[in-house]
Amino acid sequence: MSFIIVQDVLFIVLLVILSIPFGNYIYKVMTGQKVFLSFILSPVERSIYKIMGIQDEDGMSPKKYALSVLLFSIIGLISVFLLLIMQNVLPLNPEKMGATSWHLAFNTAASFISNTNWQAYAGESTLSYFTQAIGLTVQNFVSAATGIAVSFALIRSFIIKKKNTIGNFWKDLSRVTIYVLMPLSIALAILLVSQGVVQTLSPYKEVSTLETGVT
């Protein structure tokens, strides 16, 4: 029991220590300041804005920002729902997973869009590689980015009282994804690979374990 307490305390202390530099980093990203990744990621960011037709000075009113969030979320909800009910005819499905029921598809889509990620199924026995990668993994990024973007928009609404803008949702979404979530995912992926975690698109394989037999 004492070891668990010490472990929990160390974990909390580590979080508090990391929150200072990481929080400062996110603040700089969301206010458009340069960070150590800017020289690599700024061209990517500018290219995305160019494709989307966003100018540096473009801002949104609270109403427009909220409508953009709702529109983006609705498109994501419909996209994930369609992927789930059509996965049996989509590629990257070596195990021939069938389509999910409409209510499971809606529940899953609504869950991942709202960033709650509640799963009423076993992913490896229900969803194909394509559905998990293109549907759920994408939402793991953009739904989290949406939540962070909305948080900063709320903060701006308290701070910037004399302006009619609380920022631009598409810029906020892009910055969080490019500068925060993607670098973190790459670093963690390298860590997992270094520890022998396997990621493959091959069909499932049966292996014999010492404890449970064939799995």
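Residues numbered from 1 in each chain as written. Predicted model: local features only at pLDDT ≥ 70, side-chain atom pairs only at ≥ 80, totals over all residues. Heavy atoms only, no water.

Topic: the pattern of salt bridges
Then, number 1: Throughout the structure, instances matching the rule amount to two salt bridges.
Then, number 2: For Glu-45, the salt bridge is made with Arg-175, and the minimal N-O distance between the two is 3.0 Å. Here the residue Glu-45 occupies a position in helix α2 (residues 38–52), and Arg-175 occupies one in helix α7 (residues 169–194), the gap between them amounting to 130 residues. The burial state of Glu-45 is the same as that of Arg-175; both residues are buried. (Salt bridge = Lys/Arg side-chain N within 4 Å of Asp/Glu carboxyl O. Helix = DSSP H or I, 4+ residues; strand = E, 2+ residues; numbered from the N terminus. Buried < 20%, exposed > 50% of the residue type's maximum accessible area, 1.4 Å probe, protein only.)

Quick word on the confidence of the model for the protein
Then, number 1: This prediction gives the protein a mean pLDDT of 90; 97% of its residues lie at or above 70.
Then, number 2: By mean pLDDT, strand β2 (residues 213–214) is the weakest element of the protein at 54, and helix α3 (residues 62–85) is the strongest at 96. (pLDDT = per-residue confidence, 0-100.)

A few points about a nonpolar patch on the surface
Then, number 1: A cluster of nonpolar side chains, Leu-67, Leu-70, Ile-74, Ile-78, Leu-82, Met-86 and Val-89, forms an exposed patch at the surface whose accessible area comes to about 650 Å².
Then, number 2: Inspection of the secondary structure assignment puts Met-86 in the loop between α3 and α4 (102–113).
Then, number 3: Assessed through its relative accessible area of 38%, Met-86 is described here as partly exposed. (Patch = residues over 30% accessible without salt bridge, like charges linked within 9 Å, V, L, I, M, F, W, Y side chains within 5 Å. Areas by Shrake-Rupley, 256 points an atom, 1.4 Å probe, with all protein chains shown as cover.)

Topic: the layout of surface pockets
Then, number 1: Its volume calculated, the largest pocket comes out at about 620 Å³.
Then, number 2: Around the largest pocket, the lining comprises 18 residues; the ones closest to its centre are Tyr-129, Gln-132, Val-198, Gln-199 and Thr-200.
Then, number 3: Counting residues per element, the ones that place at least two in the lining of the largest pocket are α6 (129–159) and α7.
Then, number 4: Considering every element that reaches the lining of the largest pocket, the biggest residue donor is α6, with five residues.
Then, number 5: Looking at the lining of the largest pocket, its residues break down into 10 nonpolar, six polar and two charged.
Then, number 6: Space inside the second largest pocket adds up to approximately 440 Å³. (1 Å grid on protein atoms, 1.4 Å probe; cavity = no way out; pocket = protein on both sides within 12 Å on 5 of 7 lines; lining within 4 Å. Points joined across faces, edges and corners; volume = space filled by probe spheres on them. Nonpolar A, V, L, I, M, F, W, Y, C, P; charged D, E, K, R; others polar.)

As for the packing of α6 against α7
Then, number 1: Where α6 meets α7, the closest approach of the two axes is 8 Å, and the angle between their N-to-C directions is 125 degrees. Considering their axes alone, α6 and α7 lie oblique with respect to each other. Seen along the crossing, α6 lies across α7 with a hand that is right-handed. Along its contact with α6, which presents Phe-141, Val-142, Ala-144, Ala-145, Thr-146, Ile-148, Ala-149 and Arg-156, the element α7 presents Phe-169, Asp-172, Leu-173, Val-176, Thr-177, Leu-181, Met-182 and Ser-185.
Then, number 2: Its residues assigned to classes, the contact of α6 with α7 comprises 11 nonpolar, three polar and two charged. (Axes fitted to C-alpha atoms, helices over the stretch in contact; angles between N-to-C directions. Parallel < 35°, antiparallel > 145°, perpendicular 65-115°, else oblique. Left-handed = near helix turned anticlockwise from the far one by under 90°. Contact = heavy atoms within 4.5 Å.)

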